[in-house]
Amino acid sequence: AVEGDLDTASHRRAVDRGEREERQVAQPPEQLVACPATLAGASGAGVISSTEEIERGPALTVLAARLPGVTVSPFLLVGSTWAEDVGDAREFARLAPGATGAEAVLLFGDPFSLDVGNVLGAFNRHARGVRVVGGMAGSAQRPGGNALFLNDWVAGEGGVAIALAGALRVDVIVSQGCRPLGPPLKVTGAERNLIMELDGVPAAQRLQQVYESLAPAERQLFRGGLMVGRPARPGAHGRGDYLIRNLIGHDPKSGALAVGDVVAEQEAVRLHVRDAQTAREDLELLLTPQAFDTPAQAALLFSCNGRGRNLFPEANADITPLQLALGGSVAAGGFFCAGEIGPLGERNFVHGHTASIAIVRSR
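Model, not experiment: these values are computed from the prediction.

## Re unusual backbone geometry
- Even without glycine at this site, N151 takes up a positive phi of about 55°.
- Tracing the backbone shows N151 in the loop between β7 (148-150) and β8 (153-155).
- Unusually for a residue other than glycine, S329 sits at a positive phi of about 60°.
- Inspection of the secondary structure puts S329 in the loop between α8 (319-325) and β19 (331-337).

Following this line, the structure appears as structure tokens:
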């Protein structure tokens, strides 16, 4: 008792210290628990984290955000409701709440069941100026094999979207990875997706004339695969001014060219080529202004499943230049898509072989 009376303060400190140490040992490692008001996502051919593009094996990437002052409006894109043209503004507002006047809309869809052309057409008419960014789920080669989810809704068809408005700024970059080759060519004959004539001569003949006018290095790119660029803005003449579409084939008898889009007569189209170096240069060029902007809080990256190691000799070819442009260590996420969504000019489109990027900053 005497000893205890004499060492009461020291004993109390020792007991307190022991209890603290016991509590520290007993506590599990700190865990981040998220209870999001909105949880959305899609399956992809691969996933993209802040530092890595994972193209093989099972993987998951999650990007969490706390958005004070931002209105988050999620909605479903059920295939049956978007199967036909949405021509009425009130019907569009019902189907896409919060989209009109939004800073940006994130959209994920199933390529087998959602007519994304109709969806984007409705946005272009009824929500002018609203940028739609995202991608089509690409983890399956047949209907029903993809997965999309919004909170507790999970399905293998349709799509999900999230409209964002308020205290944020979203910069959108769409890198098609192409450069023009040869002169502009006027479509003087067309039937839907067939170009019958270019500059008044059979289309295939005009392509042969362009090929013969090129330097040897450009001829090699020509033989490697051609794309057709449709003007995305008035006065289109150079890189980034054209909506790139696949050149599917040609008819030797008629000389017609088949294009992966509906082409109108009198359009001034231009041939384009794509290779790894061109794709890399295009992305870096479009990202250059980001180095002079305010710090970004996050980024979303939607890359074509034909990019990654299917196009570039090195790994992480899209996320690495993005992080370099943003100063590094920015929270980022995304996936490899079967069609990328993003604006070009004043309209939203679904693209192929593209990197579509949304960079988020506070306002």
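There is more to say after this.
## Some remarks on the sheet that holds strand β22 (residues 355-362)
- Here 6 strands make up an open sheet; going across it, the order is β3-β2-β19-β18-β22-β10 and the pairing mixed. Edge positions in the open sheet fall to β3 (53-54) and β10 (168-175), since each of these has one partner strand only.
- Pairing of strand β2 (residues 47-48) with β19, which is carried by 2 bridges, proceeds in the antiparallel orientation. Across the sheet, residue V47 finds its bridge partner in β19, namely F335.

## A look at the layout of surface pockets
- If you add up the space inside the largest pocket, you get close to 1,500 Å³.
- Along the wall of the largest pocket there are 44 residues; nearest its centre are T38, V62, L63, A64 and A65.
- For the lining of the largest pocket, the secondary structure elements donating two or more residues are β1 (40-42), β4 (70-77), β5 (104-109), β9 (159-166), β18 (298-304), β19 and β22.
- Take the lining of the largest pocket: its biggest share by element is 4 residues, from β19.
- Looking at side-chain class alone, the lining of the largest pocket contains 33 nonpolar, 9 polar and 2 charged residues.
- In this structure, the second largest pocket occupies an estimated 430 Å³ of space.
- The wall of the second largest pocket is formed by 20 residues, among which R230, L243, R347, N348 and F349 lie closest to the centre.
- Those elements giving two or more residues to the lining of the second largest pocket turn out to be α4 (116-126), β14 (226-231), β15 (242-250) and β21 (347-351).
- Among the elements that line the lining of the second largest pocket, the one with the most residues is α4, at 5 residues.

## Some points on the nonpolar core
- Within the largest apolar cluster, 24 residues are counted, with the highest numbers of intra-cluster contacts made by F75, L77, W82, F92, V105 and F123.
- Those elements giving two or more residues to this core turn out to be β4, α3 (89-95), β5, α4, β6 (131-136) and β9.
- Looking at this core element by element, the count peaks at 5 residues for α4.
- In this structure F123 touches F75, F92, A96, A99, V105, R128, V132 and N348, once residues within four positions along its chain are discounted.
- Counting 20 residues, the second-largest nonpolar core is a separate cluster that includes A190, L198, F222 and L226.

## Remarks on helix α7 (residues 276-287)
- Helix length check: α7 (12 residues) gives 17 Å between terminal C-alpha atoms against 16 Å at 1.5 Å per residue, within 8%.
- By the burial criterion, the buried members of α7 are A276, T278, A279, D282, L283 and L287. Across the axial projection of α7, the buried residues extend over an arc of 165°, all falling on one side.
- Considering only its buried residues, α7 is in contact with β10, β11 (179-191), β17 (268-273), α8 and β22.

## A short note on the packing of aromatic side chains
- The tally for this structure, following the rule as stated, stands at 6 aromatic pairs.
- Ring centres of W82 and F92 lie 6.3 Å apart, and the angle between their planes is 85°; on these two criteria the pair is classed as edge-to-face. Of this pair, W82 sits in the loop between β4 and α3 while F92 sits in helix α3; the two residues are 10 residues apart in sequence, bridging distant segments of the chain.
- F92 gets classed as buried once you look at its relative accessible area, which sits at 1%.
- Measuring from centroid to centroid gives 5.1 Å for F92 and F123, while their planes differ by 90°, and the two rings are edge-to-face. Within this pair, whereas F92 is found in helix α3, its partner F123 is found in helix α4, the two being separated by 31 residues in sequence.

## Quick notes on the pattern of salt bridges
- On inspection of all chains with the given rule, the structure shows 14 salt bridges.
- For D241, the salt bridge goes to R233, with nearest N and O atoms at 3.1 Å.
- For D241, a relative accessible area of 12% translates into the label buried.
- Residue R280 pairs with E314 through a salt bridge whose shortest N-O separation is 3.0 Å.

## Some remarks on the side chain of D282
- Topologically, D282 is positioned in helix α7.
- When sequence neighbours within four positions are dropped, the list of residues in contact with D282 reads S175, Q176, G177, C178 and R239.

## A word on the confidence of the model for the protein chain
- Per-residue confidence for the protein chain gives a mean pLDDT of 88, with 91% of residues at or over 70.
- Within the model, pLDDT remains below 50 along residues 1-15, and this stretch shows 0 contacts once partners closer than five positions in the same chain are excluded.
- Here residues 17-23 is a poorly scored stretch, pLDDT under 50, and it has 0 contacts once near neighbours within four places are set aside; other chains count.

Conventions adopted
- Residues numbered from 1 in each chain as written.
- Predicted model: local features only at pLDDT ≥ 70, side-chain atom pairs only at ≥ 80, totals over all residues.
- Heavy atoms only, no water.
- Helix = DSSP H or I, 4+ residues; strand = E, 2+ residues; numbered from the N terminus.
- Pairing = 2+ DSSP bridges.
- 1 Å grid on protein atoms, 1.4 Å probe; cavity = no way out; pocket = protein on both sides within 12 Å on 5 of 7 lines; lining within 4 Å.
- Points joined across faces, edges and corners; volume = space filled by probe spheres on them.
- Nonpolar A, V, L, I, M, F, W, Y, C, P; charged D, E, K, R; others polar.
- Core = buried A, V, L, I, M, F, W, Y, C linked by side-chain atoms within 4.5 Å.
- Buried < 20%, exposed > 50% of the residue type's maximum accessible area, 1.4 Å probe, protein only.
- Contact = heavy atoms within 4.5 Å.
- Expected span 1.5 Å × (residues − 1).
- Arc of directions from axis to C-beta.
- Phe/Tyr/Trp six-rings, centres within 6.5 Å; stacked < 30°, edge-to-face > 60°.
- Salt bridge = Lys/Arg side-chain N within 4 Å of Asp/Glu carboxyl O.
- pLDDT = per-residue confidence, 0-100.

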